[in-house]
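Coordinates in review
So you can see what is in the structure, the chains are spelled out below.
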Amino acid sequence: MFHDPDFMPFVPRRRPSLRVAARNFIENWPAEAYRDSHATVRAVWPILPEMRLVTDPVLAEEVLVARAEKFGRDRLQVEALADEVNRDSLFFAEGAHWRWQRRSATPAFRHENLLALVPTFAKGADILADEWRARGKGIVDVSPAMTQATFWIILQAVMGDGAASLDRDKYLAALTPALSTTAWRFLYAQMGLPQAFPFPGKRKAEAGVRWLHRETSRLVAERRAAGGDAKDILGLLLSARDPETGRVMSDSELVSNLYIFMVAGHETAATALAWTLWLLAKDQRTQERLRAEIGTVLGSRDIAPEDIERLAFTRQVIQESMRLFPPGVAVGRGAREDVTIGPLDIRKGDFLLVASWCLHRHEKLWEEPNAFDPDRFAPEKSKGRHRCAYLPFGAGPRICIGMSFAMIEMQVILAALLRQFRFRTVPGPRLTLATNITLRAKDGLPLEIEAL
Ligand code: HEM
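First, a word on what this report is: a plain description of the structure on this page.

Thresholds applied
Residues numbered from 1 in each chain as written. Predicted model: local features only at pLDDT ≥ 70, side-chain atom pairs only at ≥ 80, totals over all residues. Heavy atoms only, no water. Helix = DSSP H or I, 4+ residues; strand = E, 2+ residues; numbered from the N terminus. Polar contact = N/O pair within 3.5 Å; in protein donor to acceptor, adjacent residues only side chain to side chain. Expected span 1.5 Å × (residues − 1). Buried < 20%, exposed > 50% of the residue type's maximum accessible area, 1.4 Å probe, protein only. Contact = heavy atoms within 4.5 Å. Near = heavy atom within 4 Å. Nonpolar A, V, L, I, M, F, W, Y, C, P; charged D, E, K, R; others polar. Donors = N, O, S within 2.8 Å, 3.2 Å for Na, K, Ca; no water.

This next bit is on the side chain of Thr286. Within the secondary structure, Thr286 is located in helix 13 (residues 284-298). Within the structure, Thr286 has its side chain in polar contact with the side chain of Asp283 (distance 2.5 Å).

See below:
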């Protein structure tokens, strides 16, 4: 087990604070959330109402799996995250409307289709590796670097050749202000304030979203005009037909879904990869062990689909990284009706957070929860663990559709980078979290990178 004070970079607050809610809201989650089955984040009277956290695998399973039909996307998520470009996507859809959208996209995520993407995943990593090599030994913030690689990859997976007409840097530049201000929008939704109220970065974020809407609409229009029957994700969405009503997706639904796949499909995986490299830079022994596995499995040849299964320790490292630093810190739900879950009496309209961050560090579920130890995910040690003790991708019918895509992609990128480079930490201040739509470090994750 590897210990480092940065692995738990704050002390849970006894009294929540408004300032913390905008900066890194998980600091407001109380210490009980790490040892009890549920916890309440106390109200900051009269501004912020109290909030309930579910921090027990059995209760989490009730909410997300066993009684999933009693819960929907909660009001806060919809208010904070839905905007003109993503509003009509499957992420926000409910009931039958959600089901057919989800079913339409599912074939793209079958195992054999994902394995066929292995060369694309490897190419995304190699483009980055070539850049790093050309630059020579130096310090790189791996957060934007991973974003660059995973964004290139998701564009190929979603649109194939259609990706060529997109200015990737401009698209990411428009997206960043929108993503990095979501904590404000969540806070306003919680406080019952109109989203029209100002907050730092709001105008830039809104201008970005307008541009993203125009640009994503252009991509859909171009594909429609080009025709063809490509089996990439956009192609599947274009040919989807609701089995109950026979209806096809409207332009607005196509744009929203294309956008949600482009965004959800890269930002989360980039976050997980950046944390993984940072953890490996801290724990050099695990980094060496991982490099040894990659060497044994791949030798000096290119990675191939059949290697994925054999890169077992690589997978464990990623799993452990997402336990300590899950890209999404919680899964939110709103109750559709009155329901009792264990000791919790929940009223129609109530909001609940299944707090993955706390479940992943719960003292009753994990030995030395704040230590880094990929062996926790070895098959013999995982046996008997409740399936909802570990929820980086959620669970139940709304589990992340891109889970296997992301796992294979991350294994390939990690293998490609680790066999070519050594990663070391650089002196600097203690880690400060900036929890937004994903769990990011306030000052990025700069690492020293040395070509091998
Ligand atoms: C490490 C990478 C990823 C993580 C940690 C992650 C995590 C999550 C989580 C926690 C949810 C919410 C589940 C819920 O509300 O119950 C979700 C939903 C979703 N994810 Fe991911 N995700 C990742 C990668 C991806 C990728 C690669 C794609 C697409 C290519 C994707 C597309 C989606 C979509 C479309 C949804 C909404 C599903 C629905 O509502 O039916 N994600 N993801």
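For helix 8 (residues 168-179), which comprises 12 residues, the first-to-last C-alpha distance of 16 Å matches the rise-based estimate of 16 Å (1.5 Å per residue) to within 8%. Turning to helix 8, its buried residues number three or more, namely Tyr171, Leu172, Ala174, Leu175, Pro177, Ala178 and Leu179. Each element contacted by the buried residues of helix 8 is listed here: helix 7 (142-159), helix 9 (182-191), helix 10 (202-226) and helix 12 (251-282). Where helix 8 starts, the residue carrying a side-chain oxygen 3.3 Å from the main-chain nitrogen of Asp169 turns out to be Asp167.

Around the ligand lies a shell of 26 residues, among which Arg73, Trp98, Arg102, Arg333 and Cys400 are the nearest. One of the side-chain nitrogen or oxygen atoms of Arg73 is found 2.9 Å away from an oxygen atom of the ligand. Residue Arg333 places a side-chain N or O atom 2.6 Å away from an oxygen atom belonging to the ligand. Counting only elements with at least two residues in the shell around the ligand, the list comes to helix 4 (95-105), helix 12, strand 5 (331-335) and helix 18 (403-418). Considering each element in turn, the shell around the ligand owes the most residues, five residues, to helix 12. Among the residues making up the shell around the ligand, the classes are represented as 18 nonpolar, four polar and four charged.

Attention now moves to the coordination of the iron atom of the ligand. What the protein offers the iron atom of the ligand as a donor is a single atom, Cys400 (SG), at 2.3 Å. Tracing the backbone through its elements, the reader meets Cys400 in the loop between helix 17 (379-382) and helix 18.

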